[in-house]
Amino acid sequence: MERWPALELASTIRHDGDGGVADDLATVQGATRWVQDQEELPAGGLVADEQLRLDLVGLRQAVRALLARAVSPAPPSPADAHRLMAADEAVARLNTAAAREPVAPQLDWPDGGTPAAGLLSAEDDPRARLLAALARAAIDFLTGPQRAQLRSCTAPRCVRYFVKTHGRQEWCKPSCGNRARAARHYRRRHAAGEDAPA
């Protein structure tokens with residue numbers, strides 16, 4: 001299954017399993033765990049501090065605002081619907097973060113191997129490299145073909161965005177589909193019960 005760092009960042013706000021919303025970036029420790037779990041980003045053993053946590057949260061707000069714009073006219077995630085950042089502010093924040101790391105394309109072509117492109121960074125600060133990589137990943141996602149398949153999960157209490165990978169997919173994961181079907185069943189039974197003669 002393909003993973004997109006932009007969606008990984010957006011999914012640091014998620015359903016907590018008990019009817020609420022969990023925020024993986026709510027604490028410095030949570031931010032550190034999340035950063036260290038991102039294998040495709042230049043995070044290494046980076047330990048977050050409060051400033052990095054706040055920078056990640058700000059970048060996440062921008063990404064979620066732009067994901068909401070991308071799914072429009074469908075509704076955005078309910079976690080964002082009441083407090084979306086303006087699109088021009090979100091674009092500016094994303095571009096500013098991406099510009100924090102000057103990079104140059106590099107070609108790697110081992111003997112007998114396949115050529116591959118990479119980026120050579122001129123930035124020494126691992127926090128700036130991480131934020132810039134996340135911003136570049138969001139830009140790549142939002143300008144790539146997968147944007148056309150981006151959806152906001154409509155399951156009760158879910159706040160995730162996901163890429164629709166097959167024609168009938170309506171939810172981000174099977175547990176959300178189960179929850180949505182159970183809620184629909186409950187509504188039907190409840191409506192039938194109210195209409196039944198006493």
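From a predicted model like this one, the values you see are computed outputs, not experimental measurements.

J.: How would you sum up the overall build of the protein? Please name residues and give values.
T.: In terms of helices and strands, the protein carries 6 helices and 6 strands. For the protein, the N- to C-terminal ordering of α and β elements is α-β-β-α-α-α-β-β-α-β-β-α. By the burial criterion, 39% of the 198 residues in the protein qualify as buried. Taking as baseline every contact in the protein between residues at least 6 positions apart, the subset at least 24 positions apart corresponds to 55%. Surface summary for the protein: the accessible area is close to 11500 Å², and the carbon and sulfur share equals 52%.

J.: Please give an account of unusual backbone geometry that cites residues and values.
T.: At the junction of Ser72 and Pro73, the peptide bond is cis and its omega measures out at 15° in the coordinates. Within the secondary structure, Pro73 is located in the loop between helix H3 (50-71) and helix H4 (87-98).

J.: For the pattern of salt bridges, give the residues involved together with the corresponding values.
T.: Within the structure shown, the criterion is met by 8 salt bridges. Where Asp49 meets Arg127, a salt bridge forms, and the shortest distance between an N and an O atom there is 3.6 Å. Of this pair, Asp49 sits in the loop between helix H2 (28-37) and H3 while Arg127 sits in helix H5 (residues 126-143), and the two are 78 residues apart along the sequence. Of the charged contacts, one joins Arg136 and Glu101 as a salt bridge, the two residues approaching to 2.9 Å between their closest N and O atoms. Here Arg136, found in helix H5, pairs with Glu101, found in the loop between H4 and strand E3 (103-108); they are 35 residues apart in sequence, far enough to count as distant. Look at Arg136 and you get partly exposed, because its relative accessible area is 22%.

J.: How would you sum up the layout of surface pockets? Please name residues and give values.
T.: Taken as a whole, the second largest pocket encloses approximately 160 Å³ of empty space. What lines the second largest pocket is a set of 14 residues, and nearest its centre among them are Ala74, Pro75, Arg151, Ser152 and Thr154. Listing elements by their share of the lining of the second largest pocket, those giving two or more residues are H3 and strand E5 (150-152). Counting residues per element, the lining of the second largest pocket draws most heavily on E5, at 3 residues. Here the residues of the lining of the second largest pocket sort into 10 nonpolar, 3 polar and 1 charged.

About the cut-offs
Residues numbered from 1 in each chain as written. Predicted model: local features only at pLDDT ≥ 70, side-chain atom pairs only at ≥ 80, totals over all residues. Heavy atoms only, no water. Helix = DSSP H or I, 4+ residues; strand = E, 2+ residues; numbered from the N terminus. Buried < 20%, exposed > 50% of the residue type's maximum accessible area, 1.4 Å probe, protein only. Contact = heavy atoms within 4.5 Å. Areas by Shrake-Rupley, 256 points an atom, 1.4 Å probe, with all protein chains shown as cover. Salt bridge = Lys/Arg side-chain N within 4 Å of Asp/Glu carboxyl O. 1 Å grid on protein atoms, 1.4 Å probe; cavity = no way out; pocket = protein on both sides within 12 Å on 5 of 7 lines; lining within 4 Å. Points joined across faces, edges and corners; volume = space filled by probe spheres on them. Nonpolar A, V, L, I, M, F, W, Y, C, P; charged D, E, K, R; others polar.

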